[in-house]
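Summary of the model geometry
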Amino acid sequence: MPKVFITRNLPTDLTLLEKFASVEVWHERQPPTYEVLLSKVRSIDGLLCLLTDKIDKELIQAATNLRVISQMAVGYDNIDVSAATARKIPIGNTPGVLTDATADLTWALLMASARRIVEADKFTRALLWHTWEPDLLLGADITGATLGIIGFGRIGQAVARRASGFDMPIIYTSRNPCNKELENRLNAQFVSLETLLKQSDFVTIHTPLTSDTYHLFGRTQFEMMKQSAILINTARGGIVNQDELYNALITNQIAGAAIDVTDPEPIPSNSPLLNLNNLVIAPHIGSASYKTRKKMADMAIENLIAGLKGEQLPYSVNSATLTQSD
Ligand code: DGY
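Residues numbered from 1 in each chain as written. Predicted model: local features only at pLDDT ≥ 70, side-chain atom pairs only at ≥ 80, totals over all residues. Heavy atoms only, no water.

Overview of the side chain of Ser200
Within the secondary structure, Ser200 is located in the loop between helix 9 (193–199) and strand 9 (202–205). At a separation of 3.5 Å, a polar atom in the side chain of Ser200 contacts the main-chain amide nitrogen of Gly148. A distance of 2.7 Å separates a polar side-chain atom of Ser200 from the backbone oxygen of Leu196. Discounting residues that sit within four places of it in the chain, Ser200 has contacts with Thr146, Leu147, Gly148, Ile171, Lys226 and Ala229. (Helix = DSSP H or I, 4+ residues; strand = E, 2+ residues; numbered from the N terminus. Polar contact = N/O pair within 3.5 Å; in protein donor to acceptor, adjacent residues only side chain to side chain. Contact = heavy atoms within 4.5 Å.)

Details of the site of the ligand
Every residue near the ligand is listed here: Leu51, Ala73, Val74, Gly75, Leu98, Arg236, His284, Ser287 and Met296. At 2.6 Å from an oxygen atom of the ligand is found a side-chain nitrogen or oxygen belonging to Ser287. When isolated, the ligand has an accessible area of 230 Å², and the protein chains bury 90% of it. (Near = heavy atom within 4 Å. Areas by Shrake-Rupley, 256 points an atom, 1.4 Å probe, with all protein chains shown as cover.)

What to know about the domain arrangement of the protein chain
Taken as a whole, the protein chain is organised into domain 1 (3–97 + 290–325) and domain 2 (99–281). Of note, the centres of domain 1 and domain 2, computed from C-alpha atoms alone, are 31 Å apart. Both sides together, the interface formed by domain 1 and domain 2 hides about 550 Å², and carbon and sulfur atoms give 47% of it. The largest share of the area that domain 1 buries against domain 2 comes from Leu51, Asp77 and Gly96, three residues that together contribute 61% of it. Put simply, domain 1 and domain 2 have one salt bridge between them. (Domains from an automatic or database assignment. Buried area = accessible area lost by both parts, 1.4 Å probe. Salt bridge = Lys/Arg side-chain N within 4 Å of Asp/Glu carboxyl O.)

With respect to the sheet that holds strand 2 (residues 22–25)
Strands sit in the order 2-1-3-4-5 across an open sheet of five strands; the sheet is parallel. Each edge of the sheet is formed by a strand with only one pairing partner; in this case those strands are strand 2 and strand 5 (91–92). As judged from the two bridges shared by strand 4 (residues 68–71) and strand 5, these two strands associate in the parallel manner. Counted as the bridge partner of Ser70 is Gly92 from strand 5. Strands strand 1 (3–6), strand 3 (46–49), strand 4 and strand 5 of the sheet are contacted by helix 12 (residues 290–308), whose axis makes an angle of about 175 degrees with strand 4. (Pairing = 2+ DSSP bridges. Axes fitted to C-alpha atoms, helices over the stretch in contact; angles between N-to-C directions.)

Topic: unusual backbone geometry
What is expected of a backbone is that most residues other than glycine have negative phi and most peptide bonds are trans. The omega torsion across Asp263 and Pro264 is 5 degrees, close enough to zero to call that bond cis. Following the sequence through the fold, Pro264 ends up in the loop between strand 11 (256–259) and strand 12 (279–281). A cis amide bond links Glu265 to the next residue, Pro266, at an omega of -5 degrees. Residue placement: Pro266 occurs in the loop between strand 11 and strand 12. Its identity as a non-glycine residue notwithstanding, Lys88 has a phi of 60 degrees, on the positive side. Residue position: Lys88 is located in the loop between helix 4 (81–86) and strand 5. In this structure, Asn252 is a non-glycine residue whose phi angle is positive, near 55 degrees. Structurally, Asn252 can be placed in the loop between helix 11 (242–250) and strand 11.

So, the pattern of salt bridges
In the structure shown here, the tally under the stated rule is 14 salt bridges. A salt bridge links Asp121 to Arg125, with the shortest nitrogen-to-oxygen separation between them at 2.6 Å. With Asp121 and Arg125 both in helix 6 (residues 117–125) and four residues apart, the pair spans about one turn of that helix. Looking at Arg125, the relative accessible area reads 65%, which means it is exposed. Look at the salt bridges and you will find they share partners, linking Asp100, Asp104 and Arg162 into a network. (Buried < 20%, exposed > 50% of the residue type's maximum accessible area, 1.4 Å probe, protein only.)

Examining the environment of Ala103
As for its placement among the helices and strands, Ala103 is situated in helix 5 (residues 99–114). Each C-alpha atom, one on Ala103 and one on Asn277, is 24 Å from the other, the two residues being 174 residues apart in sequence. Excluding residues within four positions of it along the chain, Ala103 makes contact with Ile155, Ala158, Val159 and Arg162.

Considerations on the side chain of Asn303
Along the chain, Asn303 falls in helix 12. In this structure Asn303 touches Val68, Ser70, Gly92, Asn93, Leu313, Pro314 and Tyr315, once residues within four positions along its chain are discounted.

Quick look at the pairing of strand 9
Judged by which residues are buried, strand 9 turns out to be covered on both faces: Phe202 and Thr204 on one side and Val203 and Ile205 on the other are all buried. Bridge analysis of strand 6 (residues 147–150) against strand 9 gives four bridges, and the strand direction is parallel. Counted as the bridge partner of Gly148 is Val203 from strand 9. Relative to strand 10 (residues 230–233), strand 9 is paired through four bridges, and the arrangement is parallel. Looking across to strand 10, one finds that Val203 is bridged to Leu231.

Quick look at the structure:
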């Protein structure tokens, strides 16, 4: 039987997988260290990993029997895709199933930041609510505000759909504009990044982390934004330069931010971001709904089984390049 290693407990049943493979699960709460992972991959045929596992060239080269890497996430910036492709190892991911949960959390963060929900909660628990005050905890208006979406794929578009109840004009950037019919339906207009930053009241990031998007947000970008603007990031921490985010927030260059992702993760205990009232931080929970996480785990298992059988993965990130290199 082929051997597989799963780097964490999964929120689903493994019975189907166990018919095909001898399964070892890492049951600890913390991920396996790189060294542990390196020793495990030497003898396995299939790996089911998470975004917290660094699957680099060295690890892939050490995994001499490895036939499939199945990531339980849509993003796969933790995996050296070229190294896996060079060894003809298919990589699977879990697109689509977490779109709605992530778009929902984006809105939760947008609204929490605009209407200062976290501050309001702390204020109430500190027993500071003595009376109704005309200027207590005033926040940004959402209805009618301009929403700027960076990256207009599945999640970006799902965020746009949710904006229709708030009568928000939408401007977006992406590699290519989408078709006019979709733009009209979503009330969205394709613009340059500069225009988006200058015109948006809320800027939300939905692009993958790549060498092109690493630190896409730095001082220059914050300086282009409105002082009243709020930044939301539910994509990857590395897209935003965190020192520059801190500067932008502490100097009120922008009004606020809400982030579900940091760089590194978890956020270090001495990060100055932890002291800011105009920043909401969540611990990378965009896809953390019961149904979504189960669907992600099931999809990752489906990919793993297909890879072990030598079949095309149903959800593959490198199938096109694998075919080309055949
Ligand atoms: C992903 O899937 O890439 C998310 O960041 C975690 O669900």
